[in-house]
Amino acid sequence: MVDDQSSAILRQGRLLRTLCAVVWLVAIALALRSAASALPPSAWWIAIRHPDISNMGHLLLHYSIAPRFVGSLLVGAGLTVASTLFQSILRNPAADSSTLGISAGAFLALSFCGIFIPPFLAGQRTLVATVGGAIAGALVLSLSSRSRFEPKILLLSGLLINLYASALNTLLILYHGGLIRLFIWESGSLAMQDWSVVQLLLPNITIGWFIALILVRPLSLLGVSDGTASSLGLSPSFLRWLVMFIGIWLTAICVAAVGVIGFVGLAAPEIVRRMGYFNIRSQLLIAPWLGAGLLSAADGLFQWLPTPTEIPAGSAVALLGAPLLLWIAARRQTKIPPAPEPYLTISDRRMTPIRATLLICLALLLVLASIFVGRGYHGWTLGGLHSLDATLFWRGPRLIVAVAGGIMLAVSGVLVQRLTANPMASPELLGISSGAALAVIVMAIVFPSAPQWLYALATTGGSLVILMLTITLGLRHAFSPDRVFVAGLSIATFFSAIISVLLASGDPRIYSLLNWLNGSTFLATPTDATLFFGLSILAIAIFPLVSRWLDILPLGAEMPRAVGISLTGSRLAILLLSSALVGVSVLAAGPLSFVGLMGPHLARASGARRAMSQIVIAAAFGGLLMAVADFIGRVAFVPRQLPAGLVATLIGGAYVICLMRTRRG
Amino acid sequence: MINMREGALLLGRRRFLYGLAASAIFPIVTNAAEDEATNYRIVTFDWGLTATALMLGANVVGLPSIEYYNLTTVEPPLPPGVVDVGLLFTPNFEFLDELAPNAIIIPPALGYASPMLERIAPTSMIDINGRDEDILRAAQIGTNELAAKLDLPSAATTLWQVCQEALNRASDQIAAWHGHTVCIASFADERHLRAFGKGSLFDQVARRLSLRNALDGRAMLNGRTVIGMEELAAIPDAAVLLLSDGGNESVPANSAAGIFWRSLPAVRRGRVFELPAVLEDGGLPAAIRFAHVVSDVLAQRAPNGG
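Treat the numbers as computed from the prediction; the structure is a model and nothing was measured.

Draft legend 1. Highlighting the overall build of chain B. If you tally the helices and strands in chain B, you get 13 helices and 13 strands. For chain B, buried positions account for 57% of its 306 residues. Long-range contacts, defined as pairs at least 24 residues apart, comprise 66% of the intrachain contacts of chain B with a sequence gap of at least 6. On chain B, roughly 12300 Å² of surface is accessible, and the fraction owed to carbon and sulfur atoms is 51%.

Okay, structure coming up:
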């Protein structure tokens, strides 16, 4: 953190105080409005002190409105303290309980225990949530430790863990037979019906805040440098672990109490920083008050909206928070320069045409063989269904659609990675597939019975919209990869928030989308199969035309100019092609599967270096991966079926996590 | 959070009791042409349709989510050897292919899968709910169609007679309650209830039992509406018939122990009657079951007060 004495920024104390006061006034006013709708003001005092249990108004005020108001303040303060601690330790203004995946980990642990060991959960929610949050936090930190917690890598790791935890959660739900209410709870609701939640929050958050304040001095020393800290008798790593743990614990308490509410910890500390208060002491003293007021005001505001069902606080805040994330991350200049990982050579192997052909043939054989393996209600069957015709009809189209989706995603992954010269870039993580998926959702709500081609048009349009956004953001920097990356991260986050809000709205049309959202291929028809497969072959066939660009672009910004290629033009063309590919593949295999990350990586790891060979090999791996996912989805939990996209996410995500642990640096 | 254990325990006791009564209440209405019925194997993709088909004497060999049927529909009990063919909206085509039924029966909601299902067996769409207020009549029509498809036309008439008899018997059993007001509902969340009114099967059966619905005159969507718990306080004279969710508790079980519920006048005066799960749109079998559970529960108490 930049120390304030060296900057010329004036501390805008008065402005900050006014802002705090305004926010709290709004929060209180909204709470009073709620109270007035339940009970006339003259009865308020009695209702608070000695509620008459035969009077509904009294009960509403005493057991619902009042605890909700106090609870929202406490959660806002607690999450802000946790995030301030994270931001201090990691030197990253975008670090927060939700962007670091800690809330997601806590919630996953609660879901898991709720389904498998309910009695244990009843008594030990905080413990379970803390363990889950700690595991997620540890994973995120270990993924980004090799790059010294560079902010973008940290955010990326957090997003990765968030997505993976969400996929695991969906798996749990599908395994258990589908419990929609869990989705709603995942959005974090501040609705209460007694004071028990407040009784949980009040002591823990107060203690946590107090401990954080005690640690202010050591933290400031740490902010100077590790050397200074240890020369004064402090162990830097112990302190870091301690502070991380306090942050995780505070987050876990809030998640156990009210569910996942993200981004609360982003706004308040950032505002305080921009008012000139940079040191940790000011932040820990001031930001929680602001954060408490903000969450309470936001909750009051959304309660006031005349929606048919209540939008849970978590979703509402996330909608506001994702753009906020973009704003914060985009405008910050990081002090640690990104370590450029050499993109092109990570393996000593060489991929020759013979090896490539062997690989592809092997993949094809495996895929074809898998058609004959299945699981009926009597057990495993190895000869297919009762006739060849039946076998091919029931297993073929869905397999082909999955493979086609995998091919297109993998190819677009190669494009995007070469464009950004970043091995961690992929259409899913850059928000392109999120944009396409948002288009599908809009279509499903507005034109539910539209034909397939209209959907395809919509998704390509969705990808293009995201593309345009990133162009606008990146125009000043000639599509610098950094800008594209950060924008994409925020969009992907925004998308998950939208999904949560839509799921929480309880609109029945949304449930029919769930299958597609998870990448289900089970309703694929032969027509679909032909169409998608044709498109994927076309995708591979186009690329000899642009392979020269693809070879040159990753070499840096100067190289294209030196060889006479228009930098902007070539990047734009690659982005367009990639968006179209993603738009179509999203229709086939759902928006998220990590195939766009894994395919290219496996291609590079097996020695393919030139663009064209990478495209072909990545396509082979991508297709194979989706074929495996489709197979597992078909046989794992019979008679229930897992969507291929979900399985691919689980496999691919695990692979990517292991990859990041071993290779970053 | 979901508390399945508590829901299952609650249901266990009642399920046992009703299981005993099931064979008396739910006769298979035809045993004529038994051989033909056994050979004509069907898969029904809706729990109401399954129950109706079973009561008609059909040989149901597969349905979705057996667990859900056992928790929410309960009666008539499934024959042994029935195969679970997946979730309601994602049928497992491979299982169906292996089962090779003679016919598949689907509700209107599953129309989009009809082309795929046609490849396995002739698929018929039967609606036992209809759109307007006379649900029983719609159920009768749907049942007749189903029986015609299964070549058991007389079974439908018999089933309708069984239903009428069950309703009459139930009405006689609670003669003391005639004219009294009830509110039929289940928990929606910690502070709301889903109540049934005009246009729902439950309301129609209740009126047939000469009970009045406290929410008469309220706007309903498909016979249902969501009311806040505080609205129950405004109708203190109504007896509350609280339907269980069938162990699929989407509401935390402790909401029944929550302060709002416990402070309702109906709860404090013991005028809340807990009913086991009955399938909401379950056709004639659900009507029979509902009549039976309501009359059993109400007959045990006198309608003191309004």
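Draft legend 2. Representation of the overall build of chain A within the structure. In terms of helices and strands, chain A carries 28 helices and two strands. Counting all 665 residues of chain A, 58% fall into the buried class. Nonlocal contacts in chain A, meaning residues at least 24 apart in sequence, comprise 78% of its contacts between residues at least 6 apart. Of the accessible surface of chain A, which amounts to about 26700 Å², a share of 70% is contributed by carbon and sulfur atoms.

Draft legend 3. Structural context of the pattern of salt bridges. Considering all chains together, one arrives at 12 salt bridges over all chains under this definition. The shortest N-O distance in the salt bridge between aspartate 389 of chain A and arginine 119 of chain B comes to 3.3 Å. Placement of the pair is aspartate 389 of chain A in helix 17 (residues 388-420) and arginine 119 of chain B in the loop between helix 6 (114-118) and strand 7 (123-125), with the two residues belonging to separate chains. Classification of aspartate 389 of chain A as exposed rests on a relative accessible area of 51%.

Draft legend 4. Examining helix 4 (residues 102-116) of chain A more closely. For helix 4 of chain A, built from 15 residues, the straight-helix expectation of 21 Å at 1.5 Å per residue is met to within 8% by its first-to-last C-alpha distance of 21 Å. Of all 15 residues making up helix 4 of chain A, 13 are buried, and the element is well covered by its neighbours.

Draft legend 5. Quick peek at the confidence of the model for chain B. Residue and element names in this part refer to chain B. Counting all residues, the mean pLDDT for chain B is 80, and 82% of those residues have values of 70 or more. Of the regions scoring below 50 in pLDDT, residues 30-37 engages in five contacts with residues more than four places distant in sequence or in other chains. Counting contacts from residues 249-254, a segment whose pLDDT is below 50, to residues more than four positions away or on other chains yields 16 contacts. For this predicted complex, the interface score ipTM comes out at 0.75, while the overall pTM is 0.81.

Draft legend 6. Quick peek at the side chain of arginine 395 of chain A. Within the secondary structure layout, arginine 395 of chain A lies in helix 17. Looking at arginine 395 of chain A, the relative accessible area reads 1%, which means it is buried. Among the polar contacts listed, one links the side chain of arginine 395 of chain A to the side chain of glutamate 94 of chain B, at a separation of 2.8 Å. Setting aside anything within four residues of it in sequence, one finds arginine 395 of chain A in contact with Ile371, Phe372, Val373, Gly374, Thr381, Gly384, Leu385 and Arg634 of chain A together with Glu94 of chain B.

Draft legend 7. Summary view of helix 7 (residues 135-149) of chain B. All names here are of chain B. Taking 1.5 Å per residue, 15 residues should reach 21 Å; helix 7 reaches 21 Å between its end C-alpha atoms and fits that length. All of the buried residues in helix 7 are Ile135, Leu136, Ala138, Ala139, Gln140, Gly142, Thr143, Leu146 and Ala147. Looking at the buried residues of helix 7, the elements they touch are helix 3 (47-56), strand 6 (103-106), helix 8 (153-173), helix 9 (201-208) and helix 13 (283-299). Downstream of helix 7 by a residue or two, aspartate 151 has a phi angle that is positive, lying close to 65 degrees.

Draft legend 8. Examining the packing of aromatic side chains more closely. Residues and elements named next belong to chain B. Per the counting criterion, the structure on display carries 10 aromatic pairs over all chains. Centroid distance tryptophan 177 to phenylalanine 273: 5.9 Å. Interplanar angle 85 degrees. Geometry classified as edge-to-face. Separated by 96 residues along the polypeptide, tryptophan 177 in the loop between helix 8 and strand 8 (181-189) and phenylalanine 273 in strand 13 (residues 272-275) bring together distant segments of the chain. Geometrically, the ring pair formed by phenylalanine 202 and phenylalanine 290 is stacked, given 4.4 Å between the ring centres and 20 degrees between the ring planes. Of this pair, phenylalanine 202 sits in helix 9 while phenylalanine 290 sits in helix 13, and the two are 88 residues apart along the sequence.

Draft legend 9. Broad picture of the nonpolar core. Val75, Leu201 and Ile261 of chain A are the most contacted members of the largest nonpolar core, which totals 135 residues. Looking at this core element by element, the count peaks at 13 residues for helix 17 of chain A. Aside from chain neighbours lying at most four places away, what touches isoleucine 261 of chain A is Val75, Leu79, Gly188, Leu190, Leu295, Ala313, Gly314 and Val317 of chain A. With 63 residues, the next largest nonpolar core counts Tyr69, Ile128, Leu150 and Ile184 of chain B among its residues.

Draft legend 10. Layout of unusual backbone geometry. Residues and elements named next belong to chain B. Note the cis peptide between glutamate 75 and proline 76, where omega equals -5 degrees. Looking at the secondary structure, you find proline 76 in the loop between helix 4 (66-72) and strand 3 (83-84). With a phi angle near 70 degrees, valine 74 is a residue other than glycine that sits in the positive phi range. Relative to the assigned elements, valine 74 resides in the loop between helix 4 and strand 3. The residue alanine 100 is not glycine, and still its phi comes out positive at about 45 degrees. Counting through the fold element by element, alanine 100 comes out in the loop between helix 5 (93-99) and strand 6.

Draft legend 11. Looking closely at the environment of asparagine 92 of chain B. Relative to the assigned elements, asparagine 92 of chain B resides in the loop between strand 5 (90-91) and helix 5. With a relative accessible area of 4%, asparagine 92 of chain B lands in the buried category. For the pair asparagine 92 of chain B and proline 64 of chain B, spaced 28 residues apart in sequence, the C-alpha separation works out to 9.0 Å. Other than its neighbours up to four places away in sequence, asparagine 92 of chain B contacts Val638, Pro639 and Gln641 of chain A together with Val85 of chain B.

Draft legend 12. Representation of the state of the cysteines. All names here are of chain A. Counted by the stated rule, this structure contains zero disulfides over all chains. Free cysteine cysteine 20: the closest other cysteine sulfur is in cysteine 254, separated by 18 Å. A relative accessible area of 14% places cysteine 20 in the buried class.

Draft legend 13. Highlighting empty space enclosed by the protein. Applying the stated rule across the entire model yields seven cavities of 30 Å³ or more. Approximately 140 Å³ is the volume attributed to the second largest cavity. Along its surface, the second largest cavity is lined by 13 residues, and Trp394, Arg398 and Gln641 of chain A together with Phe93 and Glu94 of chain B are the ones closest to its centre. Secondary-structure elements contributing two or more residues to the lining of the second largest cavity are helix 17 of chain A together with helix 5 of chain B. Ranked by residues supplied to the lining of the second largest cavity, first place goes to helix 17 of chain A with three residues. Class assignment of the residues belonging to the lining of the second largest cavity gives a composition of seven nonpolar, two polar and four charged.

Draft legend 14. Here's a closer look at the side chain of threonine 130 of chain A. Residue and element names in this part refer to chain A. Mapped onto the fold, threonine 130 is located in helix 6 (residues 125-145). By relative accessible area, threonine 130 is classed as buried at 9%. Other than its neighbours up to four places away in sequence, threonine 130 contacts Phe245, Ile248, Trp249 and Ala252.

Draft legend 15. Highlighting the environment of leucine 457 of chain A. Residue and element names in this part refer to chain A. Turning to its location among the elements, leucine 457 is positioned in helix 19 (residues 452-474). Judged by relative accessible area, leucine 457 falls into the exposed class, the value being 56%. Sequence spacing of leucine 457 and leucine 358 is 99 residues, and the spatial spacing of their C-alpha atoms is 37 Å.

Draft legend 16. Structural view of the confidence of the model for chain A. Residues and elements named next belong to chain A. Overall, the predicted model of chain A reaches an average pLDDT of 79, with 84% of residues at or above 70. Taking the mean pLDDT of every element in chain A, the minimum, 49, falls on helix 8 (residues 180-186) and the maximum, 93, on helix 9 (residues 196-214). Overall, residues 179-184 carries pLDDT values under 50, and its contacts beyond four positions in sequence, including any with other chains, amount to 18 contacts.

Draft legend 17. Structural detail: a nonpolar patch on the surface. Residues and elements named next belong to chain A. Together, Phe112, Phe116, Ile117, Phe120, Leu127, Val131, Ile135 and Tyr175 make up an exposed nonpolar region whose accessible area comes to about 740 Å². Of all the secondary-structure elements, those providing two or more residues to the nonpolar patch are helix 4 and helix 6. Top element by residues in the nonpolar patch is helix 6. It accounts for three residues. Take leucine 127: it is sitting in helix 6. Its relative accessible area of 46% is what places leucine 127 among the partly exposed residues.

Draft legend 18. Molecular detail of the sheet that holds strand 7 of chain B. Residues and elements named next belong to chain B. The sheet built from five strands is open, its strands ordered 3-2-1-6-7 with parallel pairing. The open sheet is flanked by strand 3 and strand 7, the only strands paired with a single partner. Pairing between strand 1 (residues 41-44) and strand 6: three bridges, direction parallel. Residue pairing in the sheet places valine 43 in a bridge with isoleucine 104 of strand 6. Across the sheet, helix 3 touches strand 1, strand 2 (59-63) and strand 6, and the angle it forms with strand 2 is around 160 degrees.

Parameters at a glance
Residues numbered from 1 in each chain as written. Chains lettered and ligands numbered in written order. Predicted model: local features only at pLDDT ≥ 70, side-chain atom pairs only at ≥ 80, totals over all residues. Heavy atoms only, no water. Helix = DSSP H or I, 4+ residues; strand = E, 2+ residues; numbered from the N terminus. Buried < 20%, exposed > 50% of the residue type's maximum accessible area, 1.4 Å probe, protein only. Contact = heavy atoms within 4.5 Å. Areas by Shrake-Rupley, 256 points an atom, 1.4 Å probe, with all protein chains shown as cover. Salt bridge = Lys/Arg side-chain N within 4 Å of Asp/Glu carboxyl O. Expected span 1.5 Å × (residues − 1). pLDDT = per-residue confidence, 0-100. Polar contact = N/O pair within 3.5 Å; in protein donor to acceptor, adjacent residues only side chain to side chain. Phe/Tyr/Trp six-rings, centres within 6.5 Å; stacked < 30°, edge-to-face > 60°. Core = buried A, V, L, I, M, F, W, Y, C linked by side-chain atoms within 4.5 Å. Disulfide = S-S within 2.5 Å. 1 Å grid on protein atoms, 1.4 Å probe; cavity = no way out; pocket = protein on both sides within 12 Å on 5 of 7 lines; lining within 4 Å. Points joined across faces, edges and corners; volume = space filled by probe spheres on them. Nonpolar A, V, L, I, M, F, W, Y, C, P; charged D, E, K, R; others polar. Patch = residues over 30% accessible without salt bridge, like charges linked within 9 Å, V, L, I, M, F, W, Y side chains within 5 Å. Pairing = 2+ DSSP bridges. Axes fitted to C-alpha atoms, helices over the stretch in contact; angles between N-to-C directions.

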